Amino acid sequence: MSSDEMHHDHEKHSKHDHQGHGGHDNMVEDFKKRFFVSLILMLPILALSPMIQMFLGVDWRFDNDLYVLFVLSTVVFFYGGWPFLTGGIRELKEKNPGMMMLIALAITIAYGYSTMVVFGWNGNQLYWELATLVVIMLLGHWIEMRSIMGASNALEELIQLMPSEAHKLDENNEVQDVPLAEIQNQDRLLVKPGEKIPVDGLIIEGKSTIDESMLTGESLPIDKDEGDQVIGGSVNKEGSLVVEVEKTGDASYLSQVVKMVKEAQESKSRTQDLTNRAAKWLFYVAIVAGLVTFTVWMLLGYSVDTAVERMVTVMVITCPHALGLAAPLVVAVSTSIAAKNGLLIRNRVGFEYARNLNAIVFDKTGTLTKGEFGVTNIVPSGEYTKDEVLQFAAAIEQNSEHPIATGVVNSAKERGLKLKQVTNFESIAGKGIQGQVESVKINVVSPGYVNDQNLSYDTDHFNELSEEGKTVVFVLMEDQLIGMVALADIVRETAKEAIAVLKEQGIHPIMLTGDNKKVADWVAKQVGIDEVYAEVLPDDKANQIKKIKDKGWKVAMTGDGVNDAPALATANLGIAIGAGTDVAMETADVILVKSNPHDVVTLIDLSKKTYRKMIQNLWWASGYNIFAIPLAAGVLAPWGIIVSPAIGAVLMSLSTIIVAINAKLLKA
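In the nomenclature of an unreviewed UniProt entry, the protein is known as P-type Cu(+) transporter of Planococcus versutus. UniProt annotates the protein under Catalytic activity (unreviewed entry) with the comment "Cu(+)(in) + ATP + H2O = Cu(+)(out) + ADP + phosphate + H(+)". Note on the protein: under the UniProt heading Sequence similarities (unreviewed entry), the record states "Belongs to the cation transport ATPase (P-type) (TC 3.A.3) family. Type IB subfamily."

*Asks:* For this particular structure, what's the right way to read the overall build of the protein?
*Replies:* When helices and strands are counted, the protein shows 27 helices and 22 strands. Here the protein holds 668 residues, and 53% of them are scored as buried. Partitioning the contacts of the protein with sequence separation of at least 6, the portion at a separation of at least 24 is 69%. Accessible surface for the protein amounts to roughly 29,100 Å². Of this, 54% is attributable to carbon and sulfur atoms.

*Asks:* Please explain the UniProt feature "transmembrane region" (unreviewed entry) in the protein as it appears in this structure.
*Replies:* Those places that UniProt annotates as "transmembrane region" (unreviewed entry) correspond, in this numbering, to residues 35–55, 67–87, 99–120, 126–143, 281–300, 312–338, 618–641 and 647–666. For the annotated span residues 35–55, helix accounts for 95% and strand for 0% of the residues, and the straight-line distance between the end C-alpha atoms is 26 Å. Structurally, residues 67–87 comprises 95% helix and 0% strand, and the distance from its first C-alpha atom to its last is 29 Å.

*Asks:* Looking at this structure, I do not really get the sheet that holds strand E3 (residues 188–191). What am I missing?
*Replies:* To summarise the sheet geometry, strands pair through backbone hydrogen bonds and adopt either a parallel or an antiparallel arrangement. Across the sheet, which stays open at both edges, the six strands sit in the order E2-E1-E3-E9-E4-E7 with antiparallel pairing between neighbours. In the strand order of this sheet, the two ends are held by strand E2 (175–179) and strand E7 (229–230), each with one partner. By the bridge criterion, two bridges tie strand E4 (residues 200–205) to E7 in an arrangement that is antiparallel. Looking at the pairing, Gly201 lines up with Val230 of E7.

*Asks:* Honestly, the confidence of the model for the protein in this entry has me stumped. Any pointers?
*Replies:* Parts of the prediction with low pLDDT should not have their coordinates interpreted in detail. Overall, the predicted model of the protein reaches an average pLDDT of 81, with 84% of residues at or above 70. Confidence drops under pLDDT 50 across residues 1–22; counting only partners more than four residues distant or on other chains, this segment forms 54 contacts. Confidence drops under pLDDT 50 across residues 260–268; counting only partners more than four residues distant or on other chains, this segment forms 31 contacts.

*Asks:* Just checking my understanding: could you explain the sheet that holds strand E8 (residues 235–236) for this structure?
*Replies:* Spatially, the three strands line up as an open sheet ordered E6-E5-E8, and their pairing is antiparallel. Unpaired on one side and paired on the other, strand E6 (222–224) and E8 mark the two borders of the sheet. With three bridges connecting them, strand E5 (residues 208–211) and E6 associate as antiparallel partners. When the bridges of E6 are listed, Ser208 appears paired with Lys224.

Thresholds applied
Residues numbered from 1 in each chain as written. Predicted model: local features only at pLDDT ≥ 70, side-chain atom pairs only at ≥ 80, totals over all residues. Heavy atoms only, no water. UniProt positions renumbered as here; feature names shortened; annotations may be inferred. Helix = DSSP H or I, 4+ residues; strand = E, 2+ residues; numbered from the N terminus. Buried < 20%, exposed > 50% of the residue type's maximum accessible area, 1.4 Å probe, protein only. Contact = heavy atoms within 4.5 Å. Areas by Shrake-Rupley, 256 points an atom, 1.4 Å probe, with all protein chains shown as cover. Pairing = 2+ DSSP bridges. pLDDT = per-residue confidence, 0-100.

Here it is in structure tokens:
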């Protein structure tokens, strides 16, 4: 039974501590409590069961011990078995028997028959079977619901990164530090350089660059001015801002993300459907096998007591403990592996679909590239070397927080260049920056500044770099050009590796971007993609995905922005990079938390392994019935071989152990 069905079942049918449990946390705690209470009671039930004592070769009988057994088993049946009994009733009303109906049938027959035996019927009670079945099934459902919650923890941790206080401005523009919980809509907050923005809001004063990488996956800091919106949790890099509060608490971006992911992760798995179908058929098999067994034993002249015991044994044994654990255990293990590898599975159907992919379409900016500047070309003029040009530029840029400055400084550090000291640093509005390095005036300026000063430079080389989508800055010494530095969005090393592996696996990589063709072709060449669709408008991205699907291919779309959302929704599998924007996340099936394109390869591999493990477990879980049911029915009775319920329990336990071990063997 899937978690969304369980939620529906609990809200509709529970009468006691289930009422009012709207949250998934309460459901998990409820199943946990029922599991441990039933587990504690199971131990004396096993110890007091005559059949188990006989199997162990011990005698712990005492006066009225069966009545004690009856009381303990009654608590387990009604308290531990309550979710399954109510679930079975719902499935019966819907005329769609599944796992809950199968469990309810088995525990009801075991409890009813055993109670009849305790109060006078001739036979062997099966309370031990009831207790073990309830405990195993509670464990399975508890594991399943815990795994659904587990992958949300990465996003919930983002909430912890929010500042605890905010600088609130009063009517006199005086600053007061107040707890975040006291902030309300329309309040005005001061956000200083380097601080996290405490809430979602609107800039009403100031301008700055904002780092939203933690939230949107866009590594390149974004220039923000008056009238622009900011997201709580993003980092103010440069200037001071006054922000008017728009959203707080549960209405904020981060809270909505956590809520959305929790809800989406409760989507039903295809393999869970497969488990339900298996349970449905086993339910019919149990009814038919039980009736046939009873009829045959009666026709053979045996007593009603014997015929009933055989029938009960068959019907109880048909409900395999392992079937209740087959899918949940694999889901739990695969979800844990996925989370450790930075894969946030929102839609298990989509995740399972990853194993069938023929093509993967990648957005360029922020997906195949880092979304941050890095130096790609240095063109020196005159007597200076490339390293000297970069060293002078980095010396000036180290005092700036601009993304271009960060790219220049980082590139210099990567080359092992020492950053020289700068004095008299100042910014030239809209044109660049300047300062003194070793008593020499150095400028790092834009093409506009160079043209205004009528300085000569290699225009052909400049135009060639610009056409590749690169940003070019000029380095001047004492107002004389000493070189050009070209920067571009850095290609992720992991993107090259991912594309190479996908090609080896026969999966066709495609680039789909709104950037100009020359930029797209340059990036595609860097990573090894042969098929490129450039200058594609956001609305056309989804149409392009449709065209690829029309070839009969199973397609995944990998992107990070709002403009990728339609394509993510259109593809067979939508993958959001770096948590993406809120819109991208809402339409994605899987989120790559680490913004690592190589995780796409990990995703496909894990999808294949998870599906394989689930199918194996379903066979192990229900396959034993092929042998257990005929043996329990007594097909070997003419040869003096009758399988006791205790032996049936051993077979069932063996199946459960195999399923558990097989699930744990799943590796990334």
